[in-house]
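# Coordinate analysis (summary)
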Amino acid sequence: MSEAMQSVKFKIYRFNPEVDAKPYMQEYELNIPANQDMMLLEAILRIKAMDDSLAFRRSCREGVCGSDGMNINGRNGLACVTLLSSLKQPIELRPLPGLPVIRDLIVDMTAFFKQYEKIKPYLINNEPLPTKERLQSPAERKKLDGLYECILCACCSTSCPSFWWNPDKFVGPAGLLQAYRFIADSRDTATAERLEALTDPFSVFRCRGVMNCVEVCPKGLNPTRAIGHIRSELLAEGN
Amino acid sequence: MVRSATSLTGNGVRDWLWQRVSAVILALYTVFILGFIWSTPQLDYVVWFQFFHHIGVKLFSILAAFSLLVHAWVGMWTILTDYVKPACVRLTLEMLVMIALFVYFVAAIVIVWSV
């Protein structure tokens, strides 16, 4: 007896600047066993097996590398941790909004990483190195929970209207979450310099509390809360 | 650090604080005026005149007008820097908003002080 099949409909954003004058949506239909569910990434890989001109990024396929961030039915997310059965058909896939499209679902993340570099995402401590390691109390370490887990998939920053309008000036939720990760780190000695670099009207204060970042973060993090903490620290420092 | 010549204070924390403090003043003024209207059985010219003739009401009204000036400038500056990208167009619009807000403020002082 042949296995019962179900068809899943897709509409995928296509744009190859070398060939296409403008972007268009291409329809695909995928047949999968009726009793089978899978992650969206697996479905896209099967579509690519049918049409190898489709371009997208992916790597770890388990929500750790942050490569396959895309706009899924109007909401940013990671294809590898999104169940196909949770999506309404036709499933519309578009590149992350607000960044230049290189091809199909691949965006140019330069603006995103420039903002990330700006916040100096590394521990700064010019004190002499201890013989073994820089110790933290469990309470100090706990402050980094909800901050260090960011995988830089850019789902948050590219769903933020403030980042769309000012990607060159506003650090964006991903960068600010990391900024606070180092501000809150008891081992970091550059807190004052870090805060000073964020006092202008754009870097932090362009956040209008829309909270799209919190809504879409595939790791369940809360950049808006981190931004609130940065604001409180800036006020406390009297900058 | 992103430099900005046209924001209220050139400093994000201070702009943010000014906007919030002015919002609180405007909220208090709104409650104050609505409270007066609600607690006065018959509002006529004489009652309005006596109300605004009081020096405290005059000062509070001018403070509210100043708060509106500050609040609207921070808000309009944010909107213009978000949506208007060509610098010459943005600066022209910023100037027009600045002039309008300043005229409103001066007009408010003249009106309130003439009562």
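Residues numbered from 1 in each chain as written. Chains lettered and ligands numbered in written order. Predicted model: local features only at pLDDT ≥ 70, side-chain atom pairs only at ≥ 80, totals over all residues.

## Some remarks on unusual backbone geometry
Residue and element names in this part refer to chain A. Cis geometry marks the peptide bond from Q89 to P90, where omega comes out at -5 degrees. Within the fold, P90 resides in the loop between β4 (75–78) and β5 (91–94). Although it is not a glycine, K120 sits at a positive phi angle of roughly 50 degrees. Positionally, K120 belongs in the loop between α2 (110–118) and α3 (138–142). In this structure K120 comes out as partly exposed when scored by C-beta crowding, with 16 C-beta atoms within 10 Å. Phi at L152 takes a positive value of approximately 55 degrees, unusual for a residue other than glycine. (Helix = DSSP H or I, 4+ residues; strand = E, 2+ residues; numbered from the N terminus. Buried ≥ 20, exposed ≤ 12 C-beta atoms within 10 Å, placed from the backbone.)

## Considerations on the interface of chain A and chain B
Taken residue by residue, the interface counts 14 residues in chain A and 12 residues in chain B. Its residues assigned to classes, the side of chain A that touches chain B shows eight nonpolar, four polar and two charged. (Contact = placed C-beta atoms within 7 Å. Nonpolar A, V, L, I, M, F, W, Y, C, P; charged D, E, K, R; others polar.)

## A look at the sheet that holds strand β2 (residues 24–33) of chain A
Residue and element names in this part refer to chain A. Taken in spatial order, the five strands line up as β2-β1-β5-β3-β4 in an open sheet, and their pairing is mixed. Only two strands of the sheet have a single neighbouring strand rather than two, namely β2 and β4. Pairwise comparison of adjacent strand axes, ignoring direction, gives a mean angle of 35 degrees for this sheet. In terms of strand pairing, strand β3 (residues 69–72) meets β5 through two bridges, oriented antiparallel. Directly across from I72, in β5, lies its bridge partner L93. The strands touched by helix α1 (residues 40–50) within the sheet are β1 (5–14), β2 and β3, with β2 carrying the most contacts at an inclination of about 105 degrees. (Pairing = 2+ DSSP bridges. Axes fitted to C-alpha atoms, helices over the stretch in contact; angles between N-to-C directions.)

## Remarks on the pairing of β5(A)
Residue and element names in this part refer to chain A. Here β5 shows one buried face, formed by I91 and L93, and one open face, formed by E92 and R94. Two elements, β1 and β5, share three bridges in a ladder whose sense is parallel. Bridge pairing in β5 links F10 to I91.

## Observations concerning the confidence of the model for chain B
Mean pLDDT over chain B: 93, with 100% of residues reaching 70 or higher. Across the whole predicted complex the pTM is 0.89, and at the interface the ipTM reaches 0.81. (pLDDT = per-residue confidence, 0-100.)

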